[in-house]
Amino acid sequence: RALPNAMYVNLYGPTEITVDCTYYIVNRNFSDDAVIPIGNNCKNMEIILLDDEMNLDKSGEICVRGTGVSLGYYSETEKTNTNFIQNPHNLYYRDILYKTGDIARYNEFGELVFICRKDGQVKHMGNRIELGEIEVAVNSLDDIDEAVCLFDSSSDKIILICKGRELTNSLIISSLSSKLPKYMLPNVIKILEDMPYNRNGKIDRVKL
């Protein structure tokens, strides 16, 4: 609304595939708690979604093939062989996929939508949960500046760590109750004055 003549583009891709492999030109309005798609593949790049059994699926881990895929990690053979794999659906020639560790799905418009990191999928109270979906809901709240969800498997608890203005645990839970089912509500909430960041400028989840 502020800049109606500007083009907004959401780019996605990890360093290992030379940064960008999908793009989405924002062409419709989104609510604050909606996830903006990562769109469709860039030229000379292809996205394949694989489930846990390495089958093609409409929801699964983003695997990338194409001219941008790097040769691997410098002097780290084991890590390279783990993340850069032969395409399991091509048995005829060398066809390397990079496994991003990111989970995505296709929406009703045929656009890719990022869900969460693969290690962000947890089972809680008998339900499969994507922690990224909780983070999207929390970050849509007016008084929240930043939020991260972690999972303590030893106690089976969802932990929300956030930063914001005039926040209380009861206010956060009451606001989330209309956005999330009960089993996805955080069990523990920590409100910080500042978030820790790593060298890449991202929230340091390991430190949290």
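None of the values given here were measured: they were computed from a predicted structure.

Inspection of the entire model under this criterion finds 9 salt bridges. For the salt bridge of Lys179 with Asp33, the shortest nitrogen-to-oxygen distance reads 3.4 Å. With Lys179 in the loop between helix 3 (169–176) and strand 13 (188–191) and Asp33 in the loop between strand 2 (22–25) and strand 3 (40–41), this pair connects stretches of sequence that are 146 residues apart. With a relative accessible area of 35%, Asp33 lands in the partly exposed category. When the shortest N-O distance is used, the salt bridge between Asp95 and Arg65 registers 3.0 Å. Here the residue Asp95 occupies a position in the loop between strand 6 (84–86) and strand 7 (96–106), and Arg65 occupies one in strand 5 (residues 59–66), the gap between them amounting to 30 residues. Three or more residues joined by partner-sharing salt bridges are found here, namely Glu46, Arg65 and Asp95.

Spatially, 11-12-13 is the arrangement adopted by the 3 strands of the open sheet, whose pairing is mixed. Strand pairing shows two members of the sheet lacking a second neighbour, strand 11 (144–152) and strand 13, which therefore form its edges. For this sheet, the mean angle separating the axes of adjacent strands, direction not counted, is 20°. Seen against the sheet, helix 2 (residues 131–139) touches strand 11 and strand 12 (157–164) and runs at an angle of roughly 155° to strand 11. Running at roughly 120° to strand 13, helix 3 makes contact with strand 11, strand 12 and strand 13 of the sheet.

This part takes up helix 2. Regarding helix 2, the residues found buried are Leu131, Gly132, Ile134, Glu135, Ala137 and Val138. Elements that come into contact with the buried residues of helix 2 comprise strand 8 (112–117), strand 9 (121–124), strand 10 (127–130), strand 11, strand 12 and helix 3.

Conventions we followed
- Residues numbered from 1 in each chain as written.
- Predicted model: local features only at pLDDT ≥ 70, side-chain atom pairs only at ≥ 80, totals over all residues.
- Heavy atoms only, no water.
- Salt bridge = Lys/Arg side-chain N within 4 Å of Asp/Glu carboxyl O.
- Helix = DSSP H or I, 4+ residues; strand = E, 2+ residues; numbered from the N terminus.
- Buried < 20%, exposed > 50% of the residue type's maximum accessible area, 1.4 Å probe, protein only.
- Pairing = 2+ DSSP bridges.
- Axes fitted to C-alpha atoms, helices over the stretch in contact; angles between N-to-C directions.
- Contact = heavy atoms within 4.5 Å.

Take it as geometry only, folks, not as evidence of what the structure does.
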